[in-house]
Amino acid sequence: MVMFLFLVVALAVVVAAVTLAVVGGGSGGPLPEAAPERLHDPLPPDRPVDHTDVESLRFPLAVRGYRMADVDDVLGRLGAELAERDARIAGLESALAGARSAAAPVRLTKPDLPGAEDHR
């Protein structure tokens, strides 16, 4: 008999708690939608991406998703390739500037002759 009374009281407490939660918790409306996790530091939209941007990029964690080590490996490779590309472009631009300066037209000027003076 004692066990039966205990179960009835426990059931009444559970029913009362659920009722209060449903009725009393409804005054604020439904819970707002949770904002999806986004990158805190996205890649810069106003300039080209360089290797430091890629090295500092971190993706948000997810319960089911990517393996961080795999993504870090890909980002490391991408950063190295961007650095290599930037070095190659800088070398090509330097070679182009040297070729342009070598191909610049040479101006011929009159040699200054000794004893020649400007007669006006």
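Preceding this section is the structure that the text describes.
Residues numbered from 1 in each chain as written. Predicted model: local features only at pLDDT ≥ 70, side-chain atom pairs only at ≥ 80, totals over all residues. Heavy atoms only, no water.

1. Considerations on the overall build of the protein chain
Filter applied, for reference: Runs of E in the DSSP output that reach at least two residues are strands. Runs of H or I that reach at least four are helices, and both are numbered from the N terminus. With a 1.4 Å probe rolled over the protein chains alone, any residue whose accessible area is under 20% of its type maximum counts as buried; one over 50% counts as exposed, and the rest are partly exposed. Shrake-Rupley sampling with a 1.4 Å probe provides the accessible areas, and residues are treated as covered by the protein chains on show and by no other component.
Helices and strands together make up the secondary structure of the protein chain, namely three helices and zero strands. Along the protein chain, helices (α) and strands (β) appear in the sequence α-α-α when read from the amino end. Put simply, the protein chain has 120 residues, and 7% of those count as buried. A total accessible area of about 11,200 Å² is found for the protein chain, and carbon and sulfur atoms account for 65% of it.

2. Section: the nonpolar core
For clarity, the threshold we go by: To define a nonpolar core, start from buried Ala, Val, Leu, Ile, Met, Phe, Trp, Tyr and Cys residues and group those joined through side-chain atoms within 4.5 Å.
Counting residues in each nonpolar core, the largest one holds five residues, listed as Val54, Leu57, Val71, Leu75 and Leu82. Here this core gets three residues from one element, more than from any other, and that element is helix H3 (residues 68–102).

3. Focus on the environment of alanine 83
Mapped onto the fold, alanine 83 is located in helix H3. The exposure class assigned to alanine 83 is partly exposed, which follows from its relative accessible area of 30%. Measuring from C-alpha to C-alpha, the distance between alanine 83 and histidine 51 comes to 5.7 Å, with 32 residues separating the pair along the chain.

4. Focus: the pattern of salt bridges
Opposite charge on two side chains lets them pair, provided their charged atoms get close. Under the convention used in this document: Salt bridge, as applied in this entry: a Lys or Arg side-chain nitrogen positioned within 4 Å of an Asp or Glu carboxyl oxygen.
All told, the structure shown has three salt bridges when counted by the stated rule. Residue glutamate 81 is joined to arginine 77 by a salt bridge in which the shortest nitrogen-to-oxygen separation is 3.0 Å. Taken together, the positions of glutamate 81 and arginine 77, both in helix H3 and four residues apart, correspond to about one turn of that helix. We classify arginine 77 as exposed; its relative accessible area is 59%.

5. Things to note about the side chain of aspartate 53
Selection rule: Any two residues having at least one pair of non-hydrogen atoms within 4.5 Å are treated as being in contact.
With respect to the helices and strands, the residue aspartate 53 is situated in helix H2 (residues 51–56). Apart from residues no more than four positions distant in its own chain, aspartate 53 is found in contact with Leu43, Pro44, Arg47 and Pro48.

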